[in-house]
Number of protein chains: 2
Amino acid sequence: MEPARKQTGAQTSSGGRPRSPRIQQAILKAAVDLALESGFRAISMDDIAARANVGRMTIYRRWCNKAAIVMDAFVARVDPGTLFLPAQSYTESIRLQMRSMAKLFRGKDGALIRALLAEAQFDPRLAVELRDRWTMPRRKMAIAYFQQGIKDGFLRPDVDPDAMIDILYAPIYYRLQMGTGPLSDAYVDEIFAHAMKGLRKV
Amino acid sequence: MEPARKQTGAQTSSGGRPRSPRIQQAILKAAVDLALESGFRAISMDDIAARANVGRMTIYRRWCNKAAIVMDAFVARVDPGTLFLPAQSYTESIRLQMRSMAKLFRGKDGALIRALLAEAQFDPRLAVELRDRWTMPRRKMAIAYFQQGIKDGFLRPDVDPDAMIDILYAPIYYRLQMGTGPLSDAYVDEIFAHAMKGLRKV
DNA sequence: ATGGATACGATACAGCTCGTATCGATCCGG
DNA sequence: CCGGATCGATACGAGCTGTATCGTATCCAT
């Protein structure tokens, strides 16, 4: 029901005192620190303002709620990462990419995306932001990599790359949220191996 | 930080006026109806009390927050369902079970579990409830069915049933939350088929 | 340099929700 | 028939939200 963010750089363009980038960073850091310390739900805009030593209006001028702040901070944190790096083999590169994502989720970023994904279930605008700035960019990269793998004969030509993404990566999100077990490298390897070779006995 | 439920049937046993089961049902129905109409986040305890024609204290005597109410209502709604029914073949029964879960998620119960799963990310007690009363019972059933399938030679003997569950069912949860596409039977069939035969070209 | 325009910290305000407390009335069991 | 817990209703303090306003600070254009 609430807007997920106000307007990223909409500063009516000309005239007046420009917004301080130093304050911007202070707010982002305060929001992330507090969210990791006390939990996203427990903190308020007041808390963030107090921690960042800024007025509450200064925050509301840029973001409309704490989810939008954490969203910006999260994207800035993880943006340079999670690519398909070259490995010993084509499929090995996929496995390592899955591992790096699991490692990300085990750390602080895991707590952040857990909160963002949950919050997005109640905030349609945040859901769009999360899809546009986190989910879809990574899916597009994966699709391109998988299509290349199909062309090169490493992957079955009759698979939909979208379904392939879901089979490989959805379990990582699932375990992040459900807590049915540790998000370990061993788990990732298991998902990868079984998904690659199939579950049916031949 | 907040308790997920108070005590299910703790009515100090003897003496005094017993709690009305009619009121219990009215509250559960009011909570679900309102959550589906306006969204879980938008409704308050006051709204539920008003819709159920009940005092707010009457609700707080039984549940400690709206998530606990919706949790009870959800479990009561879907409890008799989602079993592995006999089909033309062993694996076909798995596919049909996945379809029935997707169908559940497409309907009103999908909206409910979406809210509960999201809320559980912020409420540890609710997370335990959700795992004990929804997730684990179904995982246990699936594990038993898969172990039988391994013994009967339908499934690879070197798969961990837990990993198998995640590969098959996590994509359904993923799409429910991410909205990367429709939760259609065609999608379920695709996940099932690819997971069964594997992604790697042989 | 000077004035217009905006950001900034601080404070106040109404509205909503929560959780608890309390009231008299109701209803059940011993 | 009487103790005891539930019931609807109401009130209360506390916290958070979103907006408004004040005086000050800072930048851009003239």
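A separate point is the domain arrangement of chain A. A common way to state how big an interface is: give the accessible area lost once the parts meet. Residues and elements named next belong to chain A. The domain architecture assigned to chain A consists of domain 1 (21-75) and domain 2 (81-197). One C-alpha centre belongs to domain 1, the other to domain 2, and the line joining them spans 28 Å. The interface is formed by ten residues belonging to domain 1 together with 14 residues belonging to domain 2. If you sort the residues of domain 1 by the area they bury against domain 2, Leu36, Met71 and Phe74 come out on top, with a joint share of 53%. Counting across the domain 1 and domain 2 interface gives one salt bridge. Aspartate 72 is paired through a salt bridge with arginine 133; the nearest N and O atoms lie 2.7 Å apart. For the pair domain 1 and domain 2, the interface holds one residue pair in polar contact (both at pLDDT 80 or more). Elements represented by at least two residues in the side of domain 1 that touches domain 2 include exactly α1 (21-38) and α4 (66-78).

Bringing the nonpolar core into the picture now. Core analysis: the biggest nonpolar cluster contains 139 residues, and Phe146 of chain A together with Phe146 of chain B have the highest contact counts within it. For phenylalanine 146 of chain B, the contacting residues outside a window of four places in its chain are Phe84, Tyr90, Ile94, Leu155, Pro161, Met164, Ile165, Leu168 and Tyr169 of chain B.

Before going further, it helps to examine the protein's contact with DNA strand D. For DNA strand D, the set of nearby residues contains 26 residues, the closest of which are Met45 and Arg56 of chain A together with Arg17, Thr58 and Arg62 of chain B. Interatomic distance of 3.0 Å between a backbone N/O atom of methionine 45 of chain A and a phosphate oxygen of DNA strand D. Between a phosphate oxygen of DNA strand D and a side-chain N or O atom of threonine 58 of chain B, the distance comes to 2.8 Å. Among the secondary structure elements, those contributing two or more residues to the surface near DNA strand D are α2 (45-52) and α3 (56-60) of chain A together with α3 (56-60) of chain B. For the surface near DNA strand D, the class distribution of residues is eight nonpolar, nine polar and nine charged.

Enumeration over the complete set of coordinates arrives at 16 aromatic pairs over all chains. With a centroid separation of 5.2 Å and an interplanar angle of 70°, the aromatic rings of phenylalanine 105 of chain A and tyrosine 173 of chain A are classed as edge-to-face. Of this pair, phenylalanine 105 of chain A sits in helix α5 (residues 90-106) while tyrosine 173 of chain A is found in helix α8 (residues 161-178), placing the two residues 68 residues apart along the sequence. Residue phenylalanine 105 of chain A shares its accessibility class with tyrosine 173 of chain A, and that shared class is buried. Look at tyrosine 173 of chain A and tyrosine 174 of chain B: their rings are 5.4 Å apart centre to centre, the planes differ by 65°, and that puts the pair in the edge-to-face class. In this pair, tyrosine 173 of chain A is assigned in helix α8 and tyrosine 174 of chain B in helix α8 (residues 161-178), connecting two distinct chains. An identical accessibility class is assigned to tyrosine 173 of chain A and tyrosine 174 of chain B; each is buried. The ring of tyrosine 187 of chain A has arginine 175 of chain A lying over it, and the distance from NZ or CZ to the ring centre is 3.6 Å.

If you check the shell around DNA strand C, you find 25 residues, and the closest are Ser20, Thr58 and Arg62 of chain A together with Arg17 and Arg56 of chain B. Each atom of DNA strand C within 4 Å of the protein was classed as base or backbone; sugar and phosphate made up 65%. For DNA strand C, a phosphate oxygen lies 3.1 Å from a polar atom in the side chain of tyrosine 60 of chain B. Mapped by element, the contributors of at least two residues to the surface near DNA strand C are α3 of chain A together with α3 of chain B. Partitioning the surface near DNA strand C into residue classes produces nine nonpolar, eight polar and eight charged.

The next subject is helix α5 (residues 90-106) of chain B. All names here are of chain B. Taking 1.5 Å as the rise per residue, α5 with 17 residues should run 24 Å; its terminal C-alpha atoms sit 25 Å apart, in good agreement. Looking only at α5, the buried set comprises Tyr90, Thr91, Ser93, Ile94, Arg95, Gln97, Met98, Met101, Ala102, Leu104 and Phe105. Packed against the buried residues of α5 are α4 (66-78), α6 (108-120), α7 (124-151), α8 and α9 (185-197).

Here the focus is a nonpolar patch on the surface. A cluster of nonpolar residues, Leu83, Leu85 and Met141 of chain A, forms a patch on the protein surface that exposes about 280 Å² of accessible area. Locating leucine 83 of chain A in the fold gives a position in the loop between α4 and α5.

The next point concerns the relation of the copies chain B and chain A. For the pair chain B and chain A, the relating rotation is 180°, the translation along its axis is 0.0 Å, and the fit reaches an RMSD of 0.0 Å. Those values place the two copies in the arrangement expected of a two-fold rotation axis. For chain B, the residue whose C-alpha comes nearest the rotation axis is glycine 198 of chain B, separated from it by 1.7 Å. Mapped onto chain A, 100% of the interface residues of chain B are again interface residues, and the two copies thus contact each other with one and the same surface.

Residue and element names in this part refer to chain A. Among the residues of α2, Met45, Ile48, Ala49 and Ala52 are the ones counted as buried. Considered in projection along α2, the buried side chains sweep an arc of 100° and stay on one side of the axis. Packed against the buried residues of α2 are α1, α3 and α4. Asparagine 53 occupies a position one or two residues after α2 and carries a positive phi of about 55°.

Parameters and conventions
- Residues numbered from 1 in each chain as written.
- Chains lettered and ligands numbered in written order.
- Predicted model: local features only at pLDDT ≥ 70, side-chain atom pairs only at ≥ 80, totals over all residues.
- Heavy atoms only, no water.
- Domains from an automatic or database assignment.
- Contact = heavy atoms within 4.5 Å.
- Buried area = accessible area lost by both parts, 1.4 Å probe.
- Salt bridge = Lys/Arg side-chain N within 4 Å of Asp/Glu carboxyl O.
- Polar contact = N/O pair within 3.5 Å; in protein donor to acceptor, adjacent residues only side chain to side chain.
- Helix = DSSP H or I, 4+ residues; strand = E, 2+ residues; numbered from the N terminus.
- Core = buried A, V, L, I, M, F, W, Y, C linked by side-chain atoms within 4.5 Å.
- Buried < 20%, exposed > 50% of the residue type's maximum accessible area, 1.4 Å probe, protein only.
- Near = heavy atom within 4 Å.
- Nonpolar A, V, L, I, M, F, W, Y, C, P; charged D, E, K, R; others polar.
- Phe/Tyr/Trp six-rings, centres within 6.5 Å; stacked < 30°, edge-to-face > 60°.
- Lys NZ or Arg CZ within 6 Å of the ring centre and 35° of its normal.
- Expected span 1.5 Å × (residues − 1).
- Patch = residues over 30% accessible without salt bridge, like charges linked within 9 Å, V, L, I, M, F, W, Y side chains within 5 Å.
- Areas by Shrake-Rupley, 256 points an atom, 1.4 Å probe, with all protein chains shown as cover.
- Least-squares fit on C-alpha atoms with pLDDT ≥ 70 in both.
- Arc of directions from axis to C-beta.

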